[in-house]
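# Results of the structural survey
Here are the chains, one letter per residue:
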Amino acid sequence: MRRVAVTGIGLITPVGVGRERVFQALIEGRSGISRIEGFDISALKTTMSGICRDFRPEDFFDEREKTRLDRVSQLAIAAAESAARDARMDNGLLDNYDTGVIIGTGFGGQESVEEYCGAYFNGHGRRTAIAIPKAMYNAASSNIAIRLKTRGPNITLSTACSSGANAIGQAFHMIRYGQTERMIAGGADAPVTPVVMDAWKDMRVLSTKNDPPERACKPFSANRDGFVLSEGAGIVVLETIESARERGAHIYAEIIGYGATADASHITFPDSEGEAHAILRALRDAAVQPEEIAYVNAHGTATKLNDISETEALKKVFGSRAREIPVSSIKSMLGHSMGASGAIEFIATVLAIESKKIPPTINYEEADPQCDLDYVTEGARELKATAARIAALSNSFGFGGNNAVLVATGSNDITA
Amino acid sequence: MTRGAVQSVEDVVKNIIAAELRVSRDQLNPETHLMKDLGADSLDALNIALRLEEAFRIKIPDDAIPKFLTISDIVSGVNDHLSERQ
């Protein structure tokens, strides 16, 4: 079984672009949630979202390329290119059949779908002959391959809010079991559109605490009232530890475990049993003991149901020790970027291990008796090892009852 | 009437190509080749055909599009369709 290292990181989020800026903002407890400006919000109950305002498409694409790419592809390509550059992967390492791409996305090219449907149904918006290649779910992963010349397996998966975590987990296993040598893996989503905002409104799961937007998302707090929709992309470069050492690459962390389950119970209600099993399977896959887990990066959406169910799942797995493990939700700052969130949160977990700093859960105000773990609400905290090595979990749970859990470690023996 | 009636067919074609391919209108002349000179590909050709259909209210048959190589090809192609319509 081959060991797999994280050697490149690309991040585009509502709190900034790039690993250093994003993680610094998270450690400072800065929110990226703001009032929606791009479209008419007068009929909405939720008027805020997480938009990647620092992302400048023109830094990556010329005018013609921009017209060819849906926003989700722009975010994904920019994050993938940044990750490849961060990993110092030159063309020789990418331009081959042993390097693949797996991207998770919940909504795909939603903006392009809406633009075309607007033109089709009521003459609003502009028709284009390339609506299909812009809108198709695999546009992001395919455009990454075209851009970076990766010729290995190119896969798009969609498991709602666990897409990004499933993508990284599957990519990790492909390298571990010898199917590929390197993978570009992660998630991207750009779902902040008029139609999607309206559809979420009718599901009544978005926070309506619009004022001020940056305080809306309150994971695990008794007065939480839902999640905040956002966009973003998080992409990693994965390769074997041996190849990373040979070429002297910086190793952020080692990915050691992946567990995925389906609740098989309800299309939207979470089930702590399925979630707990995903965590257990990830721990078994990683061959770590529960005592070694020093931090949990929670799914922590701030919906009534998720936060209770996730808390229950952690208690099922860790027993009385669950209360001693720091658990934080960076969705309190980034909002919920759907298919990107699992990847962005895995990256935050890796950076927490590397820097030994835990990003906090902000906006926590009132204790909820059903959410009684240590949610790191006072601000960033030092990440302390509970065993010889630091291991941490990143949880992602999605509509459909999809659960994906990743385990990373930063033990000293992996650095070259 | 539409602007197309006032402008020449060539003017409208040049405007569409300049907008679709994000190039300056000044660099376009009748012999400008969409692929060789402007780097267009088959997807660009489809979008240009769509814009031509909208602007001139014509239907461009599938097999006409690959023949749209230069500006003058397009202008004469559009003129043919316009005369067929009359």
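Here is what the cut-offs are and how they apply
- Residues numbered from 1 in each chain as written.
- Chains lettered and ligands numbered in written order.
- Predicted model: local features only at pLDDT ≥ 70, side-chain atom pairs only at ≥ 80, totals over all residues.
- Heavy atoms only, no water.
- Helix = DSSP H or I, 4+ residues; strand = E, 2+ residues; numbered from the N terminus.
- Rg over C-alpha atoms; globule rule 2.2 N^0.38 Å.
- Buried < 20%, exposed > 50% of the residue type's maximum accessible area, 1.4 Å probe, protein only.
- Contact = heavy atoms within 4.5 Å.
- Areas by Shrake-Rupley, 256 points an atom, 1.4 Å probe, with all protein chains shown as cover.
- Lys, Arg positive; Asp, Glu negative; His and termini not counted.
- Charge placed at Lys NZ, Arg CZ, Asp CG, Glu CD.
- Expected span 1.5 Å × (residues − 1).
- Polar contact = N/O pair within 3.5 Å; in protein donor to acceptor, adjacent residues only side chain to side chain.
- Buried area = accessible area lost by both parts, 1.4 Å probe.
- Salt bridge = Lys/Arg side-chain N within 4 Å of Asp/Glu carboxyl O.
- Domains from an automatic or database assignment.
- Phe/Tyr/Trp six-rings, centres within 6.5 Å; stacked < 30°, edge-to-face > 60°.
- Core = buried A, V, L, I, M, F, W, Y, C linked by side-chain atoms within 4.5 Å.

Attention now goes to the overall build of chain B. Within chain B, the secondary structure is distributed over four helices and zero strands. In chain B, the order of α-helices and β-strands from amino to carboxyl end is α-α-α-α. Expected size for 86 residues packed as a compact globule is a radius of gyration near 12 Å; at 12 Å, chain B falls within 12% of this value. Each principal axis of the C-alpha atoms in chain B carries an extent, and together these give about 35 × 30 × 20 Å. For chain B, with 86 residues in total, the buried portion stands at 44%. Partitioning the intrachain contacts of chain B with sequence separation of at least 6 by distance along the chain shows that 51% fall at a separation of at least 24. Taken as a whole, chain B presents about 4,900 Å² of accessible surface, with 51% of it coming from carbon and sulfur. Each charge sign in chain B was given a centre, from 10 positive and 15 negative side chains, and these centres are 6 Å apart.

Turning our eyes to something else, we now look at helix 3 (residues 42-56) of chain B. Spanning 15 residues, helix 3 of chain B covers 21 Å between terminal C-alpha atoms, matching the ideal 21 Å at 1.5 Å per step. Elements in contact with the buried residues of helix 3 of chain B: helix 2 (63-68) of chain A together with helix 2 (9-21) and helix 4 (71-85) of chain B. The distance from a side-chain oxygen at the start of helix 3 of chain B to the backbone nitrogen of L43(B) is 3.1 Å, and the residue carrying that oxygen is D41(B).

Time to look at the interface of chain B and chain A. Each partner contributes residues to the interface: chain B has 14 residues there, and chain A has nine residues. Between chain B and chain A, roughly 1,000 Å² of surface is buried when both sides are summed, and carbon and sulfur atoms account for 44% of that area. For the chain B face of the interface with chain A, the top three residues by lost area are R22(B), L43(B) and R51(B), together amounting to 45%. Between the two partners, chain B and chain A, sit five salt bridges. The salt bridge involving R126(A) is made with E20(B); its shortest N-O contact spans 2.6 Å.

Here we take up the domain arrangement of chain A. Residue and element names in this part refer to chain A. Domain parsing of chain A yields domain 1 (4-246) and domain 2 (258-414). Taking the mean C-alpha position of each, domain 1 and domain 2 sit 21 Å from one another. Tallying the contact residues gives 70 residues for domain 1 and 62 residues for domain 2. Summed over both sides, the interface of domain 1 with domain 2 buries roughly 4,900 Å², with 67% coming from carbon and sulfur. Counting across the interface, domain 1 meets domain 2 through five salt bridges. The closest approach of N and O atoms between D285 and R176, which form a salt bridge, is 2.9 Å. Across the contact surface, domain 1 and domain 2 share 26 residue pairs in polar contact (both at pLDDT 80 or more). Among the elements of the structure, strand 1 (4-13), helix 1 (19-28), helix 8 (163-176), strand 7 (182-189), helix 9 (194-203), strand 8 (232-240) and helix 10 (241-246) are those that each provide at least two residues to the side of domain 1 that touches domain 2.

Residues and elements named next belong to chain A. Taken as a whole and judged by the stated rule, the model has seven aromatic pairs over all chains. With a centroid separation of 6.2 Å and 45° between ring planes, the pair formed by F60 and F61 is classed as tilted. A residue is classified by how much of its surface remains accessible, and F61, at 4% relative accessible area, is buried. Both rings, one in F220 and one in Y375, keep their centres 4.0 Å apart while their planes meet at 10°; by these two values the pair is stacked. Placement of the pair is F220 in the loop between helix 9 and strand 8 and Y375 in the loop between strand 12 (357-358) and strand 13 (381-382), with a sequence separation of 155 residues. Exposure remark for Y375: the relative accessible area of 3% places this residue in the buried category. The structure contains a cluster of three or more aromatic residues connected by ring pairs, namely F55, F60 and F61.

Now for the nonpolar core. Residue and element names in this part refer to chain A. Of all hydrophobic cores here, the largest spans 51 residues; its most connected members are I9, L26, I168 and L238. Look past the residues within four positions of L238 in its chain and what remains in contact with it is V4, A5, V6, I168, A171, F172, I175, E181, R182, M183 and I255. Formed by 29 residues, the second largest nonpolar core is a distinct cluster that contains I77, I184, A233 and V237.

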